[in-house]
Amino acid sequence: MLDQMARLAVFGGAYANPYAVSACLDDARARGCERVVCLGDLGGFGAECDAVWPLLTGGGVECIAGNYDIAIGRGDTDCGCGYADERDNHFAQLMYDHTLAHTGRDFAAWMRELPGELRETIGGLDVHMVHGSPLAVNDFLWESLDDDELRMRLDACAGGRPDVLLCTHTGIPWQRTVDATLVVNVGTVGRPANDGRPETWYAVVDIADGQARCDLVPLAYDWRAHAASMRAARLPEPFVETVETGWWTTCLEIVPPPERARGAFHVYREAMPTGFEAADGAGWAEPVEVRSPGGPPSAAIRPTASPSVPGRSGTPRDDGRPVVSLFGTPLFPPRLWVYSNFHCNLACAYCVVASSPHARRREMPAWRFRALVDEALREGFTELYLTGGEPFVHPDILEMIEYASDRLETVVLTNAMLFRGRRRRELARLSGRPGLVLQSSMDGARAETHDRWRGAGSWQRAMDGLDYAASLGLPLRVAMTQTPDNRDEVEPLRARLATMGVTGDGFAVRPLVQRGFAAEVDDAVAVSDAVMIPELTVTTDGVHWHPVGGDRDASPDFVVAEGQVPLAEAKRRIVERFLALRQADGSLPDAFHCAV
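Residues numbered from 1 in each chain as written. Predicted model: local features only at pLDDT ≥ 70, side-chain atom pairs only at ≥ 80, totals over all residues. Heavy atoms only, no water.

1. A word on helix 15 (residues 490–498)
Quick reminder of the rule: Using a 1.4 Å probe on the protein chains alone, a residue whose accessible area is under 20% of its type maximum counts as buried, one over 50% counts as exposed, and one in between counts as partly exposed. By the criteria applied, helices consist of DSSP H or I runs no shorter than four residues and strands consist of E runs no shorter than two, each listed in order from the N terminus. What the arc measures is the spread of directions leading from the helix axis to the C-beta atoms.
Among the residues of helix 15, Val 490, Leu 493, Arg 494 and Leu 497 are the ones counted as buried. End-on, the buried residues of helix 15 take up no more than an arc of 105°, which puts them together on one face.

Structure, rendered in structure tokens:
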């Protein structure tokens, strides 16, 4: 024990990785650390279980027991890691069985003698070192725990709260001061921290004159040799992939949404739902039963899934990993929605974002739109939906459409009523662009039905616009919003649209949604992020969960982040929220698609 000052190197999770342990000892000495402490879990994950023991004893490393060491020392049948999910436990058991079989008797006996914690006064501070937390050896101290959760654990320390609490077990390093206590999760040297880099982590703690300071240190080591030893031992390939890439491919379910959303993988493949019909038949791109009075039901046609997204009822293509990323699957399609503006020549009685001629404009500058398109390409988006308001009232809309459709499959949502004069000539310029589709709304086969919700004269002008777009050879899609007035007009409208070339998957019926101007409509469907898969939506106000909630004023609950947020961060926040919204049984929400 040093009375006035000390520099300690503290690491967790040796994990049968002698390459990292050796590198950590060398690095700690180079940094002038007087003491090196290991907070437990000497085996597991790696292949060379016995090889870490002489490094620890020969390097003068002070060790406490982690849950792995307790289990191996006693010869238990499992690691006692604290996992609750059966998939987590499956992978944990594979590694524990290897460790138990490849740990020598003398090493196991040495583990049995390790203390469960260290607590001493260093440089005038009370320092408490544990494996999991003061509550339990396998308790997980995640960074996302709030201060009250940490206070509860600090209060569990026998002898009162320490000045410094050092722990590991989770495998992800972090530090925070709670009240007057510095809490540090030192990470693990034996396995990467799910951060996309093969380096691992440990902590250098400086204590002097009653003050403590911690640096979390990335550790470079010979991870290629470690991966080779694991393959030679025929350990499962997902474990080796983690060593090589830095991304966790197993034992994910224990990881809380904030930490998991930062990783590359989010859900076990076998946990992906395989049916996920829309809640109560309310999906915007799903068949919706429409009954004519006294007649048989008629269903709108379901559009084909985007070629970039696997089928709605399927799981992502099996790449051999047990886990998948949410983004790029049917649960979070690579489809970006952008609101070019919110003002509109119409004020439709059911508009989910309350667009009208008098709406707050919120017009996205063309330069920012171009930057979003470029960013979308970098982030793996394959489709872009450009909507409003009415996009064709934006002064730069033609340039924006051309820029987007040159780079991404682009769908422009328009009421098709403004294709006159200059806009008529501009629309002709878009003819023949292979990456472009126009999508419009027709809410009845007759003007009386359509105009009742969208305004007098709107049906004929929209039909004229669609006819003109069809004459240019522009691909068209049409969605019909189901209202109390148009239930018997699905088939007549389908027949009328077929004359323009809108057939099959190009036509669908979607329900009224209780948002925006339709918030008080009794027949409208209530929606929330709990029953809708995310479709990342960008407006000048911020990032939103789904285009039906693109108006911050009408749908504040759909706001993911306010202001200008990078798409990478927006994706991370959506994944975090999505994971947090999962049902109590671990299943995922039903799908509610907006795109035709």
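2. Describing the state of the cysteines
What counts, and what does not: Sulfur atoms of two cysteines make up a disulfide when they are within 2.5 Å.
A complete count under the given rule lists one disulfide for this structure. In this model, Cys 79 is linked to Cys 81 through a disulfide, with the two sulfur atoms separated by 2.2 Å. Its S-S torsion of approximately -135° makes the covalent link between Cys 79 and Cys 81 left-handed. Of the two residues, Cys 79 and Cys 81, neither departs from the other in class, the shared state being buried. The thiol of Cys 33 is unpaired, and the distance to the nearest cysteine sulfur, on Cys 24, comes to 8.3 Å.

3. Re the environment of Leu 150
We apply this condition: Only heavy atoms enter the contact rule, under which two residues are in contact if any of them lie within 4.5 Å.
By the element assignment, Leu 150 lies in helix 6 (residues 147–154). Here Leu 150 falls in the buried class, since its relative accessible area comes to 1%. Among residues more than four places away in sequence, those in contact with Leu 150 are Leu 141, Leu 145, Trp 174, Arg 176 and Val 178.

4. Some details on the nonpolar core
One recurring pattern in soluble globular proteins is that nonpolar side chains are buried together. Counted only if it meets this: Residues enter a nonpolar core if they are buried and are Ala, Val, Leu, Ile, Met, Phe, Trp, Tyr or Cys, with the set joined through side-chain atoms within 4.5 Å.
By size, the foremost hydrophobic cluster in this structure holds 151 residues, and its most contacted members are Phe 11, Tyr 202, Leu 427 and Leu 536. Of all hydrophobic cores here, the second largest spans 20 residues; its members include Leu 8, Leu 39, Ile 64 and Leu 166.

5. A few points about the packing of helix 7 (residues 223–232) against helix 8 (residues 237–245)
Definition in use: Only the stretch in contact is used when a helix axis is fitted, and all axes are lines through C-alpha atoms; the angle between N-to-C directions ranges over 0 to 180 degrees. The labels follow the angle: roughly parallel below 35 degrees, roughly antiparallel above 145, roughly perpendicular from 65 to 115, and oblique for the rest. All residues other than Ala, Val, Leu, Ile, Met, Phe, Trp, Tyr, Cys, Pro, Asp, Glu, Lys and Arg, Gly among them, are scored as polar; the first ten of these are nonpolar and the last four charged.
Two numbers describe how helix 7 lies on helix 8: the axes approach to 9 Å, and their chain directions differ by 175°. With respect to helix 8, the element helix 7 is oriented roughly antiparallel. Between helix 7, through Trp 223, His 226, Ala 227, Met 230 and Arg 231, and helix 8, the contact on the second element is made entirely by Glu 237, Phe 239, Val 240, Val 243 and Glu 244. Its residues assigned to classes, the contact of helix 7 with helix 8 comprises six nonpolar, one polar and three charged.

6. Some thoughts on the sheet that holds strand 9 (residues 200–208)
Threshold: Whether two strands pair depends on DSSP finding at least two bridges between them.
The sheet built from five strands is open, its strands ordered 3-2-1-9-10 with mixed pairing. Looking at the sheet topology across the chains shown, the edges are occupied by strand 3 (62–63) and strand 10 (211–219). Pairing of strand 1 (residues 5–11) with strand 9, which is carried by six bridges, proceeds in the antiparallel orientation. Within strand 9, the residue paired with Ala 9 across the bridge is Val 204. Running at roughly 135° to strand 10, helix 1 (residues 18–30) makes contact with strand 1, strand 2 (35–38), strand 9 and strand 10 of the sheet.

7. Considerations on the packing of helix 3 (residues 67–74) against helix 4 (residues 86–101)
The following threshold applies: Handedness of a helix crossing follows the sense of rotation of the near helix relative to the far helix, less than a right angle counterclockwise being left-handed and clockwise being right-handed.
Interaxial distance between helix 3 and helix 4 falls to 11 Å at its minimum, and their mutual angle equals 50°. Put simply, helix 3 runs oblique to helix 4. With respect to the hand of their crossing, helix 3 and helix 4 are arranged in right-handed fashion. Along its contact with helix 3, which presents Tyr 68, Ala 71 and Ile 72, the element helix 4 presents Ala 92, Met 95, Tyr 96, Thr 99 and Leu 100. Grouping the constituent residues of the contact of helix 3 with helix 4 by class yields seven nonpolar, one polar and no charged.

8. Looking at the sheet that holds strand 4 (residues 118–122)
The sheet built from five strands is open, its strands ordered 4-5-6-8-7 with mixed pairing. Two strands in the sheet have a free side with no partner beyond their single neighbour: strand 4 and strand 7 (174–178). On average, each strand axis in the sheet is tilted by 15° relative to the strand beside it, whichever way the strands run. Note: strand 4 against strand 5 (residues 125–129), five bridges, orientation antiparallel. Each residue of the ladder has a partner; that of Ile 122, found in strand 5, is Leu 125.

9. Some thoughts on unusual backbone geometry
Backbone geometry at His 169 places phi at a positive 80°, although glycine is not the residue there. Tracing the backbone through its elements, the reader meets His 169 in the loop between strand 6 (164–167) and strand 7.

10. A short note on the pattern of salt bridges
Test applied: When a carboxyl oxygen of Asp or Glu is within 4 Å of a side-chain nitrogen of Lys or Arg, the pair counts as a salt bridge.
Applying the stated criterion across every chain, the model contains 50 salt bridges. One salt bridge in this structure joins Asp 541 and Arg 360, with 3.1 Å as the shortest N-O distance. One end of the pair, Asp 541, is in the loop between strand 21 (537–538) and strand 22 (542–544); the other, Arg 360, is in the loop between strand 15 (335–339) and helix 10 (366–378), and 181 residues separate them in sequence. We classify Arg 360 as partly exposed; its relative accessible area is 36%.

11. Some details on the packing of aromatic side chains
Rules: Pairs were defined over the aromatic rings of Phe, Tyr and Trp, the Trp ring being its six-membered one, requiring ring centres within 6.5 Å. Orientation was assigned from the angle between planes: stacked under 30 degrees, edge-to-face over 60, tilted for the rest. Note on geometry: a ring has a charge over it if NZ (lysine) or CZ (arginine) is within 6 Å of the ring centre and within 35 degrees of the ring normal.
This structure, assessed with the given rule, holds 16 aromatic pairs. Seen in terms of ring centroids, Phe 327 and Phe 381 are 4.9 Å apart; in terms of plane orientation they differ by 70°. Their pairing is edge-to-face. Remark: Phe 381 occurs in the loop between helix 10 and strand 16 (383–387) and Phe 327 occurs in the loop between strand 14 (323–324) and strand 15; sequence separation between them is 54 residues. Each member of the pair Phe 327 and Phe 381 is classed as buried. An aromatic cluster is present here, built from Phe 45, Phe 91, Phe 239 and Tyr 268 joined pairwise through their rings. In this structure, Arg 191 is placed above the aromatic ring of Trp 248, and the distance from its NZ or CZ to the ring centre is 3.9 Å. A cation sits over an aromatic face here: Arg 362 above Phe 342, 3.8 Å from the ring centre.

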